[in-house]
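Here's the letter readout for the chains.
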Amino acid sequence: DSMLYITGDTHGNQLKWLEQIHPALSPGDGVIVAGDFGYGFWSGPLGSEDAFYDWLAAQPYAVFFIDCNHENFDRLLALPVEPWRGGRIQRIRPNVIHLMRGEVYLIEGRTVFTFGGGHSADFWRRKPGTSWWPQEMPEPEEYRRASESLRRVHGRVDYIVTHAAPLETGYYLSALHPGNIRPPRPEELPLTSFLEDVRHVADYRRWYFGHLHTDQELWWRGQAAVFDALRELDSGKVVRQWSRYEG
């Protein structure tokens, strides 16, 4: 049987993909990356970004990703948009698909609500148009679209995949890991507050998010932070864990 998996920020790291994610996937599987996929940053020790996507296109599995602050938005947002399984997508390759903000998709019999976006904590040392883009934070229209998508399904979905965490979750995790996770940032408040509202109105089985660079299953409302692990989407079970590749 084909499986759906979820992982956290890949940051365009070819070795992380080849050594950790790729070996765990079988033909027919799909993997969702919960933001910071790294579109525009996949050049690496094994070749150019296009060569990496061509290699992914030859694999027998599907790659889905939501966006966040580690993408080249000038390039990403220039890609054609097409309808797909109830929502809108952009294709990097036939099997490498950007799941857009505020959409609900039917993927392998499961409904998935997606909402990318987040704020770069280190934006002060990034360069606009080269390593930082204002589009990392959602526009009012994207929040409206998300609310409308959820209304259409009466707030009921199987899974929610976001990059940022809901506001209360962010405070809880920063209290749990005071040395490693910062409290929610003021610049991110429009997004984290919106996700907190979603948490109260949506009926879902599991909610996965990245961004915080930690792996943590939460005791309430089926939430999990994903980073250095590959989990089964349905059960949340960790099927592969690795040491971090980031410095």
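Above this text sits the structure in question.
In short, a report on the structure. These numbers come from a predicted model, not from an experiment.

**Side note on the overall build of the protein chain**
Part 1 of the argument: Within the protein chain, the regular secondary structure consists of six helices and 14 strands.
Part 2 of the argument: Here the C-alpha atoms of the protein chain give a radius of gyration of 17 Å, agreeing with the 18 Å that 2.2 N^0.38 yields for 247 residues.
Part 3 of the argument: Expressed as a percentage of its 247 residues, the buried residues of the protein chain come to 56%.
Part 4 of the argument: Partitioning the contacts of the protein chain with sequence separation of at least 6, the portion at a separation of at least 24 is 67%.
Part 5 of the argument: A total accessible area of about 10600 Å² is found for the protein chain, and carbon and sulfur atoms account for 53% of it.
Part 6 of the argument: Charged side chains in the protein chain number 26 positive and 33 negative. The centres of these two groups are separated by 1 Å.

**Brief notes about the sheet that holds strand β13 (residues 229-232)**
Part 1 of the argument: With respect to topology, eight strands assemble into an open sheet ordered β4-β5-β6-β3-β2-β1-β13-β14, the strand pairing being mixed. In this open sheet, the two strands that pair with only one neighbour each are β4 (82-84) and β14 (238-241). Averaged over neighbouring strand pairs, the angle between their axes works out to 30 degrees when direction is ignored.
Part 2 of the argument: Relative to the sheet, helix α1 (residues 14-21) contacts β1 (4-7), β2 (30-33), β3 (62-65) and β14, its axis offset from that of β2 by approximately 140 degrees.

**A look at the nonpolar core**
Part 1 of the argument: Counting residues in hydrophobic clusters, the biggest one holds 24 residues, and the most contacted among them are Phe113, Phe115, Ile160, Val198 and Phe209.
Part 2 of the argument: Elements supplying a minimum of two residues to this core: β8 (110-115), α4 (140-152), α6 (189-201) and β10 (206-209).
Part 3 of the argument: For this core, the element with the highest residue contribution is α6, accounting for four residues.
Part 4 of the argument: Listed in part, the 23 residues of the second largest apolar core include Tyr5, Leu25, Trp42 and Trp242.

**Looking at the packing of α4 against α6**
Part 1 of the argument: Their axes nearest at 12 Å, the elements α4 and α6 cross at an angle of 10 degrees. Classified by the angle between their axes, α4 and α6 sit roughly parallel to one another. Contacts between α4 and α6 pair Tyr143, Ala146, Ser147 and Leu150 from the former with Pro190, Leu191, Phe194 and Val198 from the latter.
Part 2 of the argument: A breakdown of the residues in the contact of α4 with α6 according to their chemical character gives seven nonpolar, one polar and no charged.

**Considering the packing of aromatic side chains**
When we look at a pair of aromatic rings, we describe it by the centre distance and by the angle of the planes.
Part 1 of the argument: Applying the stated criterion across every chain yields a total of 15 aromatic pairs.
Part 2 of the argument: Considering the side-chain rings of Trp17 and Phe37, the 6.5 Å spacing of their centres and the 90 degrees angle between planes classify their relative orientation as edge-to-face. Note that Trp17 is positioned in helix α1 and Phe37 in the loop between β2 and α2 (49-57), a separation of 20 residues in sequence.
Part 3 of the argument: A centroid spacing of 5.1 Å and a plane angle of 50 degrees characterise the contact between Phe37 and Trp42, whose relative ring orientation is tilted. Of the two residues examined, Phe37 and Trp42, each falls in the buried class.
Part 4 of the argument: Among the aromatic side chains, those forming a connected cluster through ring pairs are Trp17, Phe37, Tyr39, Trp42, Phe52, Tyr53, Trp55 and Phe65.

Basis of the calculations
- Residues numbered from 1 in each chain as written.
- Predicted model: local features only at pLDDT ≥ 70, side-chain atom pairs only at ≥ 80, totals over all residues.
- Heavy atoms only, no water.
- Helix = DSSP H or I, 4+ residues; strand = E, 2+ residues; numbered from the N terminus.
- Rg over C-alpha atoms; globule rule 2.2 N^0.38 Å.
- Buried < 20%, exposed > 50% of the residue type's maximum accessible area, 1.4 Å probe, protein only.
- Contact = heavy atoms within 4.5 Å.
- Areas by Shrake-Rupley, 256 points an atom, 1.4 Å probe, with all protein chains shown as cover.
- Lys, Arg positive; Asp, Glu negative; His and termini not counted.
- Charge placed at Lys NZ, Arg CZ, Asp CG, Glu CD.
- Pairing = 2+ DSSP bridges.
- Axes fitted to C-alpha atoms, helices over the stretch in contact; angles between N-to-C directions.
- Core = buried A, V, L, I, M, F, W, Y, C linked by side-chain atoms within 4.5 Å.
- Parallel < 35°, antiparallel > 145°, perpendicular 65-115°, else oblique.
- Nonpolar A, V, L, I, M, F, W, Y, C, P; charged D, E, K, R; others polar.
- Phe/Tyr/Trp six-rings, centres within 6.5 Å; stacked < 30°, edge-to-face > 60°.

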